[in-house]
Amino acid sequence: MKTSFVHIADVHLGNRQYGLDERFDDFGRAFADAVDRAIDRRVRFVLIAGDLFHRRAVEPLALRQALHALKRLREAAIPVIAVDGNHDRALSADAYPWTRFLSDEGYLTLLDAIQPGQGVRYAPWDPETGIGSWVDVEGVRVVGQQYLGASAGAACAGMAAQMAEAGRRAAYVVFLCHAGLEGVIPSYPGCLPYEALTPLRQHVDYVALGHIHRRYARDGWVYNPGSLEVCGFDEADAEHGFHVVDVDTASPERHRVLYEPAKRRPFVRLRLDVGGCDSPAEVDRAVERAAAAAARADGGASPVAEVALTGQLRFRAAELDLRALEAVARQALGALHVEMRCHAAIPGVDPDEYREFSRDELETAVLTALFGRDERRRANASRWADLARGVKDLALADASPEAIAETVERAACGLRAAHTAAAAEQAPC
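The structure reproduced in this document is the subject of the present report. (Residues numbered from 1 in each chain as written. Predicted model: local features only at pLDDT ≥ 70, side-chain atom pairs only at ≥ 80, totals over all residues. Heavy atoms only, no water.)

Re the sheet that holds strand β3 (residues 80-82)
Okay, so step 1: Here six strands make up an open sheet; going across it, the order is β4-β3-β2-β1-β15-β16 and the pairing mixed. Among the strands making up the open sheet, the edge pair consists of β4 (109-110) and β16 (255-261).
Okay, so step 2: Alignment of strand β2 (residues 45-48) against β3, held across three bridges, turns out to be parallel. Counted as the bridge partner of Val-46 is Val-80 from β3.
Okay, so step 3: Where helix α1 (residues 21-40) meets the sheet, it contacts β1 (2-8), β2, β15 (241-248) and β16, and its direction lies at approximately 175 degrees from that of β1. (Pairing = 2+ DSSP bridges. Helix = DSSP H or I, 4+ residues; strand = E, 2+ residues; numbered from the N terminus. Contact = heavy atoms within 4.5 Å. Axes fitted to C-alpha atoms, helices over the stretch in contact; angles between N-to-C directions.)

What to know about the environment of Leu-102
Okay, so step 1: In this fold, Leu-102 is placed in helix α3 (residues 98-104).
Okay, so step 2: Overall, Leu-102 belongs to the buried group, its relative accessible area being 0%.
Okay, so step 3: In sequence terms Leu-102 and Ser-279 are 177 residues apart; their C-alpha atoms lie 57 Å from each other.
Okay, so step 4: Beyond its immediate sequence surroundings of up to four residues, Leu-102 is in contact with Leu-52, Phe-53, Leu-63, Leu-67, Leu-70, Tyr-107 and Leu-108. (Buried < 20%, exposed > 50% of the residue type's maximum accessible area, 1.4 Å probe, protein only.)

A few points about the packing of aromatic side chains
Okay, so step 1: Inspection of every chain in the model, using the stated rule, returns eight aromatic pairs.
Okay, so step 2: Ring geometry for Tyr-18 against Phe-233: centres 6.3 Å apart, planes inclined by 40 degrees, an arrangement best described as tilted. Of this pair, Tyr-18 sits in the loop between β1 and α1 while Phe-233 sits in the loop between β14 (222-224) and β15, and the two are 215 residues apart along the sequence.
Okay, so step 3: Judged by relative accessible area, which is 29%, Tyr-18 ranks as partly exposed.
Okay, so step 4: Owing to a relative accessible area of 6%, Phe-233 belongs among the buried residues under this scheme.
Okay, so step 5: The rings of Phe-5, Phe-45, Tyr-206 and Tyr-223 are connected pair by pair, giving a single aromatic cluster.
Okay, so step 6: In this structure, Arg-215 packs its charged tip against the face of Tyr-259, placed 4.0 Å from the ring centre. (Phe/Tyr/Trp six-rings, centres within 6.5 Å; stacked < 30°, edge-to-face > 60°. Lys NZ or Arg CZ within 6 Å of the ring centre and 35° of its normal.)

Digging into helix α2 (residues 60-75)
Okay, so step 1: Look at α2: 22 Å from first C-alpha to last across 16 residues, which is about the 22 Å you get at 1.5 Å a residue.
Okay, so step 2: Turning to α2, its buried residues number three or more, namely Ala-62, Leu-63, Gln-65, Ala-66, Ala-69, Leu-70 and Leu-73. For α2, the angular spread of the buried residues around the axis is 155 degrees, confining them to a single face. Opposite its buried face, α2 presents the exposed residues Pro-60, Arg-64, His-68 and Glu-75, each directed more than 90 degrees away.
Okay, so step 3: Turning to α2, the residues buried within the fold contact α1, β2, β3 and α3.
Okay, so step 4: One or two steps after α2, the chain reaches Ala-77, where phi turns positive at roughly 60 degrees. (Expected span 1.5 Å × (residues − 1). Arc of directions from axis to C-beta.)

Quick look at the environment of Val-328
Okay, so step 1: The residue Val-328 is located in helix α7 (residues 322-333) in this model.
Okay, so step 2: Sequence separation between Val-328 and Arg-285 is 43 residues, and the spatial gap between their C-alpha atoms is 8.8 Å.
Okay, so step 3: Excluding anything up to four places from it in sequence, Val-328 contacts Asp-284, Val-287 and Glu-288.

Here we look at the pattern of salt bridges
Okay, so step 1: Within the structure shown, the criterion is met by 23 salt bridges.
Okay, so step 2: One salt bridge in this structure joins Asp-237 and Arg-269, with 3.7 Å as the shortest N-O distance. Of this pair, Asp-237 sits in the loop between β14 and β15 while Arg-269 is found in strand β17 (residues 267-273), placing the two residues 32 residues apart along the sequence.
Okay, so step 3: Residue classification places Arg-269 among the partly exposed positions, given a relative accessible area of 38%.
Okay, so step 4: Here Arg-316 ties to Glu-319 by a salt bridge, and the two come within 3.9 Å at their closest N and O atoms.
Okay, so step 5: The structure contains a network of salt bridges with shared partners spanning Arg-23, Asp-26, Arg-29, Glu-229 and Arg-265. (Salt bridge = Lys/Arg side-chain N within 4 Å of Asp/Glu carboxyl O.)

Here it is as structure tokens:
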């Protein structure tokens, strides 16, 4: 059997990044372009691995962007199969999500691993009810699992067991899931250990993931194409796009995966050592020179930029006007938007005492130091810091209260055990 499909993830329609209408339009254009290329390649179907929308309360213009692109696929007779991401979920348990609306109106098929009152179920999608966890399209069986946070691993195991019981009845199987792999980004919420997917290995040919906004692959069967547009500077240097998958079940590899970079707005990151500047005016000039040197010469789209000042200042940081510096950089770069960061050390502080932390490292260091001040938590300060960061990340990712509570309880059990063991070691014989 031969066929082909496109794997898209994390579209985030409706993301009015930095409050800019232009960025709202950028996310819509990136999706429209991916759809155009899928049609041009004459693929047989399209997969969307969650987070079609950026917000649960979808605004009309974002819905219009989705409808326009999905209508083009429907007119080209290219089915779309999707799962919900953490950004797509309904505002409440009894609410009607917009992805369900799109499914009911025939723009896509929305798969759901959790069946009402039954838990994880390997069940065919019913067009009458719009409920089911798998669907056959063009000879391929697509099994879907929406974002489940901390419960995703158990759901994968349950799905694998039911697939084994049912037996393989399709020549090629895709597992479509909105989850990331642990370790791709440290402490990122909503991720699975690779071992949680291995029970599916004997039943699944291609694992189509989303959630993490950067491209990666594992062992020739687990793939994530990254988001279509950049949602933050921490992912600006990653690859973003979609996958075109050519299936040939007669070949030993069974598929060939082609990465297609998304057509997106450029992001520019500048790091500028201002340690040699004696005054704020010299910093202004240094920023202007660096930005002008980094400006695009091809007349392409205006970039979004981040300018980070480093080194040791020779004057008080309060004398820097960061808003004025943003304006200088924006004009010199021809940028749509500039974020100015001051990481320069203040006078009297030796910068050699500090290495340049990433944001993750800095948060962990600060939290570890804070917990280390509490004698009750000092022995396990780093573990408390990891827990605090994990809870923060879950909250930012709109994780459910149940998922957050489960994470805290699991970590608390481990911390209690560590505390008890430490106390026993310190007890007199």
